[in-house]
Amino acid sequence: MFQCSRCGKCCIEFEGQIHFKSSESFISPNYSESSHQEIREKNQHPYITLYRKIQQKWCIFDSSTKENRYYIPSKRQIWERHPKLAENFLPYSSKKSKECLFLAWHQSSFPQSSLKTAENIPYCIIHGNHPEMCRNYPKSKGYVCKNHPERKYTIHFLHYQQKKIGFAINVLKQLYKEKVFHPFAFDLLALLMDFGDFSKKKVQNFFFSEFDISLEVWKNTIQDLLELHLISEKDQNIQGISLKETEYLIDRIMNELGWNQ
């Protein structure tokens, strides 16, 4: 199974999304008093002190789960919203940084005889106490992560998607069984759903190798899905209908048939 290489890329590219749930111990007022925690209030990193000062200002109530979510701003977001604190805690060089507040770097040097050169190694200041969403990533995304988008073109990822959103694909099968003639089309929709742009060529190669699809069948199916607005195509990339769009589609069809009345 794929392992996280802790490259730090998700800590940069998920700006504005990284958060704690209210049930996580790190955001508790009594966090520093817990005997099993690795970080103690008297010996904590200054960025933790900074976060404590702004924690409540980055709290948003999630009406769907009925709990608070405590977001971790990026360094540039702190400069924008808390400039005085930023001046006291953050280096000026971080003013445009999209990095999560708790992402840090240390330099690892190699022997002079090595062909490698010194490089910056990312690490999480609160690793071991970081948000649940971080601990579950990239497992929660079928092991497709910001640093490994090539994993989208694997049978493992397709099986993950089929298990995750199979219920939505089954609905699409019922709605379009008379209009889509090649069953692999629904595997394609499962692969694409909610994961943004895919290289059309790489998806094509994947289905050619895993499903033994002919070029003619591929072209006809792509055309069918485009005409039904179940996929879109731009600049040699394709994107599938999202789960939310599927819900809207079902509601619209039910209204048209009078099933919601």
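In case you missed it, the structure is sitting above this.
Residues numbered from 1 in each chain as written. Predicted model: local features only at pLDDT ≥ 70, side-chain atom pairs only at ≥ 80, totals over all residues. Heavy atoms only, no water.

*Asks:* Please explain the state of the cysteines as it appears in this structure.
*Replies:* Think of a disulfide as a covalent bridge from one cysteine sulfur atom to another cysteine sulfur atom. Summed over all chains, the structure comprises zero disulfides. The closest cysteine sulfur to the non-disulfide-bonded cysteine 10 is located on cysteine 11, 4.2 Å from its own sulfur. Residue class for cysteine 10 comes out partly exposed when judged on its relative accessible area of 21%. (Disulfide = S-S within 2.5 Å. Buried < 20%, exposed > 50% of the residue type's maximum accessible area, 1.4 Å probe, protein only.)

*Asks:* Could you clarify how one ought to interpret the sheet that holds strand S7 (residues 231-234) in this entry?
*Replies:* Strands belonging to one sheet form pairs held by backbone hydrogen bonds; the direction of such a pair is parallel or antiparallel. Pairing is antiparallel in the open sheet, where three strands are placed in the order S6-S8-S7. One side of each edge strand has no neighbouring strand; the edge strands of this open sheet are strand S6 (198-199) and S7. Of the strand pairs in this sheet, S6 and strand S8 (residues 237-240) are connected by two bridges, and their pairing is antiparallel. For serine 199, the partnering residue across the bridge sits in S8 and is asparagine 237. (Pairing = 2+ DSSP bridges. Helix = DSSP H or I, 4+ residues; strand = E, 2+ residues; numbered from the N terminus.)

*Asks:* Would you explain the sheet that holds strand S2 (residues 59-62) in this entry?
*Replies:* The strand order across the open sheet built from three strands is S1-S3-S2, with neighbouring strands paired in antiparallel fashion. The open sheet has two free edges, formed respectively by strand S1 (19-21) and S2, since each of these has just one partner strand. Strand-to-strand twist of the sheet, defined as the mean angle between neighbouring strand axes without regard to direction, takes the value 30°. (Axes fitted to C-alpha atoms, helices over the stretch in contact; angles between N-to-C directions.)

*Asks:* Looking at this structure, I do not really get the nonpolar core. What am I missing?
*Replies:* Across soluble globular proteins, you tend to see nonpolar side chains buried next to one another. With 37 residues, the main nonpolar core has Leu172, Leu188, Phe198, Val203, Phe207 and Leu230 as its most contacted residues. Of all the elements in the fold, those that place two or more residues in this core are helix H6 (155-176), helix H7 (184-192), helix H8 (200-211), helix H9 (215-227) and helix H10 (243-257). Not counting chain neighbours up to four residues away, the residues in contact with leucine 172 comprise Phe186, Leu189, Met193, Leu230, Ile241, Thr246 and Leu249. Counting residues in each nonpolar core, the second largest holds 26 residues, with Phe26, Trp58, Tyr71 and Ile78 among its members. (Core = buried A, V, L, I, M, F, W, Y, C linked by side-chain atoms within 4.5 Å. Contact = heavy atoms within 4.5 Å.)

*Asks:* How should the pattern of salt bridges be read in this particular structure?
*Replies:* Should the charged atoms of two oppositely charged side chains come close, the side chains can pair. In the structure shown here, the tally under the stated rule is nine salt bridges. We note a salt bridge from glutamate 99 to lysine 75, for which the minimum N-O separation is 2.9 Å. Of the two residues, glutamate 99 sits in the loop between helix H4 (83-89) and strand S4 (103-108) while lysine 75 sits in helix H3 (residues 75-81), which places them 24 residues apart along the sequence. Residue lysine 75 is classed as buried on the basis of its relative accessible area, which comes to 5%. (Salt bridge = Lys/Arg side-chain N within 4 Å of Asp/Glu carboxyl O.)

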